[in-house]
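Listed below are the residues making up each chain.
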Amino acid sequence: MMNLKIFFLIGLLVHFVFFASIFDIYFTSPLVHGMTPHSTALPPPAKRLVLFVADGLRADTFYKVDENGASRAPNLRHIIETKGSWGVSHTRVPTESRPGHVALIAGFYEDVSAVARGWKENPVEFDSLFNESRYTWSWGSPDILPMFAKGASGDHVYTHCYPADEEDFAAQDASKLDTWVFDNVKDFFHSAKSNQTLFSKLNEDKIVFFLHLLGLDTNGHAHRPYSREYKENIKKVDEGVKEMISLLEDFYGDDGKTAFVFTSDHGMTDWGSHGAGHPSETLTPLVAWGAGVSFPQRVMHQDFDDGFSHEWKLENFKRHDVNQADVAPLMASLIGVNFPLNSVGILPVEYLNNSDHFKAESMAANALQILAQFNVKMTQKKKNTLPFLFTPYKLLSESQQLEILRRSREYILQEKHNDSVALCKSLISLALKGLSYYHTYDRLFLGMSVVLGFIGWTSYVILMIVKLYTNIPSSDLKHTKVTTGFLQCGFAAAGVLIVLFLLIQSCPWTYYIYCLLPVPMWYAILRESRLIWDLVKCMQNVPLLNSMALLLLLALGVEILVLSFFYRATLTVGLAAFAAWPLVTQLRAQVKVTTLSWAVLCLLLAAFPMMPVVGREPNITLVSVAGVLTLLMGTACVAALWNSQHRYVTSYALHIHVGQMLNLALSIFVVNNTHANLDQKQGLPILNQIVSWITLGSSMVVPLLSPTLLFQRLLSIALSLMSSYLLLSTGYEALFPLVLSCLMFVWINIEREAAQTDKLSVTQKLSSADFSWSIHISDVRQLHLDDIRRSFFFVFFIVTAFFGTGNIASINSFDPASVYCFLTVFNPFVMGALMMWKVLIPFVLVMCAFETVQVSAQLSSKSLFLIVLVISDIMALHFFFLVKDYGSWLDIGTSISHYIIVMSMTMFLMLLSGLAQVLTSKKVRLWRKQKHHRT
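All residue numbers refer to position in the chain's written sequence, counted from 1. Predicted model: local features are reported for residues with pLDDT of at least 70 only, side-chain atom pairs are reported and counted for 80 or more only, and whole-chain, interface and lining totals are derived from all residues. As a rule here, side-chain values come from all non-hydrogen atoms in the structure, and water together with hydrogens is ignored.

A word on the overall build of the protein chain
Point 1. By the criteria applied, helices consist of DSSP H or I runs no shorter than four residues and strands consist of E runs no shorter than two, each listed in order from the N terminus. A count of helices and strands for the protein chain gives 34 helices and eight strands.
Point 2. On C-alpha atoms alone, the protein chain measures out to a radius of gyration of 32 Å, which is about the 30 Å that the 2.2 N^0.38 rule sets for 935 residues.
Point 3. Projected onto its principal axes, the C-alpha coordinates of the protein chain cover approximately 95 × 70 × 50 Å.
Point 4. Burial here depends on accessible area, computed with a 1.4 Å probe over protein chains only, as a share of the maximum for the residue type. Under 20% is buried, over 50% is exposed, and the range in between is partly exposed. Taking all 935 residues of the protein chain together, 56% fall into the buried category.
Point 5. Here, residues are in contact when the closest pair of their heavy atoms is within 4.5 Å. By sequence separation, contacts in the protein chain at least 24 residues apart represent 80% of the contacts at least 6 residues apart.
Point 6. In the structure as shown, the protein chain presents an accessible area of about 38,900 Å², 62% of it carried by carbon and sulfur atoms.
Point 7. Charge-centre separation for the protein chain: the mean point of 72 positive side chains lies 11 Å from the mean point of 73 negative side chains. For the radius of gyration, the atom set is restricted to C-alpha positions; the globular benchmark scales as 2.2 Å times the number of residues to the power 0.38. Surface accessibility follows the Shrake-Rupley procedure with a 1.4 Å probe radius. Residue values consider only the protein chains on display as shielding. The convention is simple: Lys and Arg are positive, Asp and Glu are negative, and His and the chain ends are not counted. The atom standing in for a charge is NZ when the residue is Lys, CZ when it is Arg, CG when it is Asp and CD when it is Glu.

Structure, rendered in structure tokens:
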């Protein structure tokens, strides 16, 4: 078998492939090219369109009236009741600004991975309403506008952006971003009166004005969507919209040729984030009025049973819900431009105030535009698939297409316009299903390849554990060499066939990785046929009942871990069981104090998964309490080490620990001072920001200055990481790493006692143990069944480390307020990295404790971790089968989040294993080593 370092590097790459596979299998780009544009030949009702996008505006917060029955947006409420149509626009995962705007303006849903490709650039070329317009002028965020300008053909999309540093969560009033937009639009039209060229352009048809209003999103992140600031911002947006209507009516002489659309790109959770599929994120408002838009319809009953219309006091006004991509064909129809080529939106004719003939022609053009995508997709798939393997979508053959189109045209000629519209909708439905069919054509094939890879990798790791770290008796099979030669030829031939098969079908390069990955894995497994035979014989000697009980126990443990992703309280039950574990062993009589400490700390930690998730109100007092308790415990630990019988603390080490505690005290001050300034809207103090970044940067370096004696190094790591964690905390979660660290300390001791009880290790005292000592090969023991329990404990603690801090199993569960000590100006990647580090700090604490358990139990540094990999990969495979792209967007977003979290966890564990070894065993000396003080 291969070198362990190479093995772990390969393992990291393999897991990255498994991680990336989910996007190729479930969430690839839906775009195709080569279609012919379509639009209705009839004159449109509007010459120009104004699109308002209130970034981050929730439907309920917008529509709901206050306790006095007054609307937060009285002008738009008046429009709903007297001039226009309204409804809910249903967005899709991921509920982020970029995909939301692409759906609104281009009419298609970007794949999930597009979120990570940046906001300002186009990772792929796509058509949009702006590109199809004669001219588009846009005002707003530099994160949104440029991507549509750069994606447009020609030079007819103009952008006006404010500086990026204006997007400051600590600003006195983020609604100034919206005020900037409204003021600049006013200046623009004022200047047009004295600019003949611009005036001429503005008086042409097929033009679009796009106002991107980011204030609500910024205020929602900073203050939450139920805050006074967020609600006041809605009023300012409403007033601004009213001013824009008046401005345009004045400029164009109230010619009745302007259409207006007001909507949002996504909503927002109660804790001020977005990205997943909760209804608070996917339900956004849609209000349309002006030229070509239907007037309000009074009704006695709505077609929706969700109760929203009644709650919003709009039950008497007809509600028209749409999918977010439907807004693009609606806007295209109003001003008479081609439907965006890649749009999958269905024209909501209920919003149109025009003749039935116009509606029928517009819907026919919409059907032809989507049908063109279906035909291009089918042609591409047919061209790249072997004829005997190609299975066409049978519900929409070429003859069926022609028949439906013929009948639709006949209905129009016979003035049966409603029948034509219904027929076109059925054609669109079939075409969209066909698009989905061809888009997911290779899913089963790719999924099977990845599953084979998963099972192969996990099986190989198990064999590696058995071969390197157990004492299974070996046998001698004489045909091993013959078998190996046969296997080499067989698997080489399989690899060549797979390459040829993929080459003939012109498959993407990623397919080669997914399909070829299982080949070397299963070859490596079958090469160990003798070991497999020995393992089978060994299992035969174990009583069947014992084997079944062990497997059942392991399966139950993994299912509990999986269940914790759905129900955080499962971790509470598990930790309560952990508390009782020593009571069923000999430990309860041998180490009573340690056993009692273990039980108490397990029960304390068990309280955290029951705490409120992210979204709670910030409580900086709890952060301060956590800091003070850490200071007291750190002082007690240093004093105990100093006053111990054998004083291992040097003056050098004492200076390091005192410096860390001073830094911890400074972190407590910075957190309190920063949040006090933000509450008073005075911004982030620059000195606090500098201290925060220095503390963060030094948190991984300062522990390396401390002695490598076991408890001194662990204390140094805990103090450094706690300083960083306090700066990233806003509430009770600051107490979590403190309790976790104490439990890890007791775990190290109790595992040492358990190993000694089972006579698995020597009696070296932990107080004198040193991470830098290398264990002689003769002292490294083989694995024991109890080591599986140790590994399971570790995985359970890692999962608890994630959920115990208030996170939920969702990629949007992170509170952006956590990073305000470091920055407040919007920077998604830096903010994301900081929040990720906050999640990883408890992981590092657990990983360092696990490293210590391996050292104290005299195990190879990799043996237990290989068992951990097996448990983690079984969990990951479980979630791979649970990923889905159907059902509610909450279910889809949750299934994606689960797989991403568990795979990220596994990859981070592999990286953190190396980091833990460095943190615990390496030492940096800034000056000469001091002599020990002796008593």
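Additional details are given in the paragraphs that follow.
Section: empty space enclosed by the protein
Point 1. Grid points spaced at 1 Å and placed over the protein atoms alone form the basis of the search, with a cavity being a set where a 1.4 Å probe fits but cannot get out and a pocket an open set showing protein on both sides within 12 Å along at least five of seven lines. Lining residues have an atom within 4 Å of a point. Grid points are joined across faces, edges and corners, and a volume is the space filled by probe spheres set on the points. Throughout the structure, instances matching the rule amount to six cavities of 30 Å³ or more.
Point 2. Quantified by volume, the second largest cavity comes out at close to 60 Å³.
Point 3. Forming the boundary of the second largest cavity are 13 residues, of which R92, P94, P99, G100 and Q324 lie nearest the centre.
Point 4. For this scheme, ten residues count as nonpolar: Ala, Val, Leu, Ile, Met, Phe, Trp, Tyr, Cys and Pro. Four count as charged, namely Asp, Glu, Lys and Arg, and the remainder, Gly too, count as polar. When the residues that make up the lining of the second largest cavity are grouped by side-chain class, the tally is five nonpolar, four polar and four charged.

Some points on the sheet that holds strand β1 (residues 48-54)
Point 1. Across the sheet, eight strands lie side by side as β4-β3-β5-β1-β6-β7-β2-β8; this open sheet has mixed pairing. This sheet does not close on itself; its edge strands, each paired only once, are β4 (157-161) and β8 (322-323).
Point 2. Paired strands, as defined in this entry, are two strands with at least two bridges between them according to DSSP. Pairing between strand β3 (residues 135-140) and strand β5 (residues 207-213): five bridges, direction parallel. For S138, the partnering residue across the bridge sits in β5 and is F210.
Point 3. Along the sheet, helix α3 (residues 74-82) makes contact with β2 (85-90), β6 (258-263) and β7 (283-290), crossing β7 at roughly 65 degrees. Angles here are taken between N-to-C directions and fall from 0 to 180 degrees, while the axes themselves are lines fitted to C-alpha atoms, restricted in helices to the stretch in contact.

Quick word on the layout of surface pockets
Point 1. The space that makes up the second largest pocket amounts to roughly 1,200 Å³.
Point 2. Surrounding the second largest pocket, 31 residues form its lining, I462, L550, L554, L785 and I788 being those nearest its centre.
Point 3. The set of elements that each furnish at least two residues to the lining of the second largest pocket consists of α17 (443-469), α21 (529-541), α22 (544-564), α31 (785-803) and α33 (863-882).
Point 4. Of the residues forming the lining of the second largest pocket, the biggest block, eight residues, is contributed by α22.

Some thoughts on the environment of V451
Point 1. Positionally, V451 belongs in helix α17.
Point 2. Non-local contacts of V451, meaning those with residues more than four positions away in its chain, are made with L877, F880 and F881.

Side note on unusual backbone geometry
Point 1. Phi at K206 takes a positive value of approximately 60 degrees, unusual for a residue other than glycine.
Point 2. Following the sequence through the fold, K206 ends up in the loop between α8 (196-202) and β5.
Point 3. Unlike most non-glycine residues, E415 shows phi in positive territory, near 65 degrees.

Description of helix α4 (residues 97-106)
Point 1. Counting buried residues along α4, ten of its ten residues qualify, which places the element largely inside the surrounding structure.
Point 2. Every buried residue of α4 is accounted for by S97, R98, P99, G100, H101, V102, A103, L104, I105 and A106.
Point 3. Just downstream of α4, G107 is the residue with a positive phi angle, here 85 degrees.

Overview of the pattern of salt bridges
Point 1. The working definition used for a salt bridge is a side-chain nitrogen of Lys or Arg within 4 Å of a carboxyl oxygen of Asp or Glu. The full count for this structure, using the stated rule, is 30 salt bridges.
Point 2. Among the salt bridges present, the one from R406 reaches E410, with a minimum N-O distance of 2.5 Å. On the criterion of helical spacing, the pair formed by R406 and E410 is a turn pair, its members being four residues apart in helix α15 (residues 398-413).
Point 3. Classification of E410 as partly exposed rests on a relative accessible area of 34%.
Point 4. E751 serves as the salt-bridge partner of R789, at 2.9 Å between the closest nitrogen and oxygen. With a gap of 38 residues between them, R789 in helix α31 and E751 in helix α30 (residues 736-757) connect regions that are remote in the sequence.
Point 5. Among the residues examined, E751 registers a relative accessible area of 1% and is labelled buried.
Point 6. Overlapping salt bridges, with partners in common, bring together E751, D786, D787, R789 and R790 in one network.

As for the side chain of H221
Point 1. Note that H221 resides in helix α9 (residues 215-223).
Point 2. Residue classification places H221 among the buried positions, given a relative accessible area of 8%.
Point 3. Any pair of nitrogen or oxygen atoms within 3.5 Å is treated as a polar contact; in protein, a donor-acceptor pairing is required on top of that, and neighbouring residues in sequence qualify only through side-chain atoms on both sides. Separated by 2.6 Å, the side chain of H221 and the backbone oxygen of G272 make a polar contact.
Point 4. Those residues in contact with H221, other than ones at most four positions away along the chain, are F169, M268, G272, S273, H274, P816 and Y820.

Brief notes about the state of the cysteines
Point 1. When the sulfur atoms of two cysteines come within 2.5 Å, that pair is taken as a disulfide. For the structure on display, the rule yields zero disulfides.
Point 2. Of all cysteine sulfurs, the one in C507 lies closest to C515, which takes part in no disulfide; the gap is 7.3 Å.

Describing the packing of α31 against helix α32 (residues 828-856)
Point 1. Interaxial distance between α31 and α32 falls to 8 Å at its minimum, and their mutual angle equals 165 degrees. Looking at the two axes, α31 sits roughly antiparallel to α32. Note on packing geometry: the crossing formed by α31 with α32 is right-handed. Between α31 and α32, the residues in contact are R790, F794, F797, I798, A801 and F802 and V839, P842, F843, V846, M847, F850 and V853, respectively.
Point 2. Looking at the contact of α31 with α32, its residues break down into twelve nonpolar, no polar and one charged. Comment on the angle field: the value is read as roughly parallel under 35 degrees, roughly antiparallel over 145, roughly perpendicular from 65 to 115, and oblique elsewhere. The handedness criterion is simple: a crossing whose near helix is rotated anticlockwise from the far helix by less than a right angle is left-handed, and one whose near helix is rotated clockwise is right-handed.

Overview of the nonpolar core
Point 1. Think of a nonpolar core as a cluster: buried Ala, Val, Leu, Ile, Met, Phe, Trp, Tyr and Cys residues, connected wherever their side-chain atoms sit within 4.5 Å. F18, W598, W747, F794 and F797 are the most contacted members of the largest nonpolar core, which has 161 residues in total.
Point 2. Per-element accounting of this core gives the leading share, 16 residues, to α32.
Point 3. Sequence-distant contacts of F18, defined by excluding residues within four places in its chain, comprise V450, G453, F454, W457, L517, M521, Y899 and M903.

Section: the packing of α4 against helix α13 (residues 327-335)
Packed helices, taken two at a time, are described by the angle between their axes plus the distance between the axes.
Point 1. Viewed as axis vectors pointing N to C, α4 and α13 meet at an angle of 35 degrees, and their least axial separation amounts to 5 Å. Seen from α4, the contacting residues are A103, L104, I105 and A106; seen from α13, they are V327, A328 and M331.
Point 2. For the contact of α4 with α13, a count of residues per class yields seven nonpolar, no polar and no charged.

Some thoughts on the environment of R92
Point 1. With respect to the helices and strands, the residue R92 is situated in the loop between β2 and α4.
Point 2. Overall, R92 belongs to the partly exposed group, its relative accessible area being 32%.
Point 3. Sequence separation between R92 and G275 is 183 residues, and the spatial gap between their C-alpha atoms is 9.4 Å.

On their own, these measurements won't tell you what the molecule is for.
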